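Chain residues, written in single-letter form:
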Amino acid sequence: AAMDFADLRERRVDLMFGRSTRTNPPDDIEQILLLDEALLVVTGGHNSWAHGVTMRFADLANRPWVLAPAGTAVYELVADAHRADGVSMAAPAVTTYSMMLRLQLLASGQFVTAFPESLVQNCSKAWNLVALPLALGTTLPVSAYTLRSRTASRAIAAFIEAARTANSGAR
């Protein structure tokens, strides 16, 4: 799943953060790894089916998923996990980049999504989230991206270092 670096290339932004399954960014982009983070399959804690001890992706075939659009790292990871379990992933009921909308849908209905482990740890009590006993396989790298041809300002370098330090202390 490729990230779009147009804003960096057109100098509308100096820095981008994101998750990508790509290990080699384009030649003009510098990737600074901040951390590798697991993704968890999550639903609202009020759902009776959310408290099973074991589960397969086939068990979620009739549940509405809310995910980022196709082509994103998380979407592809969820689709791969379904295929590895021998089932095809149905089209998500809702696709959105909005984490807030995903949280609201989980709290209000029977939706399922995939969230970063840190979000689940920080939001599970406030939003009544439950991580389901399903493995999504690999972790995804969270990286900062800059243009190779552009020297980062001291402020940007300090910001990247602060993000790296904050994340290393959280694990």
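No experiment lies behind these values; they were computed from the predicted model shown.

1. Observations concerning the sheet that holds strand β3 (residues 39-44)
Read across the open sheet, the three strands follow the order β6-β3-β7; overall the sheet is antiparallel. A strand with exactly one partner marks an edge of an open sheet, and here the two such strands are β6 (112-116) and β7 (129-131). Averaged over all pairs of adjacent strands, the angle between their axes in this sheet comes to 45°, without regard to strand direction. Judged from the five bridges that link them, β3 and β6 form a sheet pairing that is antiparallel. Considered in β6, the bridge of L40 is made with F115. Where helix α3 (residues 99-108) meets the sheet, it contacts β3, β6 and β7, and its direction lies at approximately 135° from that of β6. Lying over the sheet, helix α4 (residues 117-127) contacts β3, β6 and β7, oriented at roughly 120° with respect to β6.

2. Here we look at the nonpolar core
Membership of the largest hydrophobic core comes to 23 residues, with the highest contact counts inside it found for V41, L60, W65, V78, L132 and L136. Of all the secondary structure elements, the ones that give two or more residues to this core are β3, α2 (73-84) and β6. For this core, the leading source of residues is α2, giving seven residues.

3. Topic: the sheet that holds strand β2 (residues 29-37)
If you trace the three strands from one edge of the open sheet to the other, you get β1-β8-β2, paired in antiparallel fashion. The two strands at the open ends of the sheet, each matched to only one other strand, are β1 (16-19) and β2. The average angle at which neighbouring strand axes cross in this sheet is 25°, direction not considered. Sheet topology places β1 next to strand β8 (residues 140-147); four bridges connect them, and they run antiparallel. The residue bridging M16 from the neighbouring strand is Y145, located in β8.

4. What to know about the pairing of β6
Of all five residues that make up β6, five are buried, and the element is covered over most of its length. Neither face of β6 is exposed, since V112, A114 and P116 on one face and T113 and F115 on the opposite face are all buried.

5. What to know about the environment of F159
Relative to the helices and strands, F159 is located in helix α5 (residues 154-170). For F159, a relative accessible area of 45% puts it in the partly exposed group. For the pair formed by F159 and L15, sequence separation is 144 residues and the distance between their alpha carbons is 9.7 Å.

Analysis parameters
The written sequence of each chain sets the order in which its residues are numbered from 1. The model is predicted, so local features are restricted to residues of pLDDT at least 70 and side-chain atom pairs to those at 80 or more, both for listing and for counting; the totals for chains, interfaces and linings are taken over all residues. Water and hydrogen atoms play no part in the side-chain values, which are based on all heavy atoms of the structure. Here, a strand pair is defined by DSSP locating no fewer than two bridges between the strands. Each helix corresponds to a stretch of at least 4 residues labelled H or I by DSSP, and each strand to a stretch of at least 2 residues labelled E; elements are numbered beginning at the N terminus. Axis lines are fitted through C-alpha atoms, for helices just across the contact stretch, and the angle between N-to-C directions can take any value from 0 to 180 degrees. Whether two residues are in contact is decided by their heavy atoms, any of which lying within 4.5 Å being enough. For the purposes of this section, nonpolar cores are sets of buried Ala, Val, Leu, Ile, Met, Phe, Trp, Tyr and Cys residues that join through side-chain atoms within 4.5 Å. Under the scheme applied here, a residue whose accessible area is under 20% of the maximum for its type counts as buried, over 50% as exposed, and between as partly exposed, the area being computed with a 1.4 Å probe on protein chains only.

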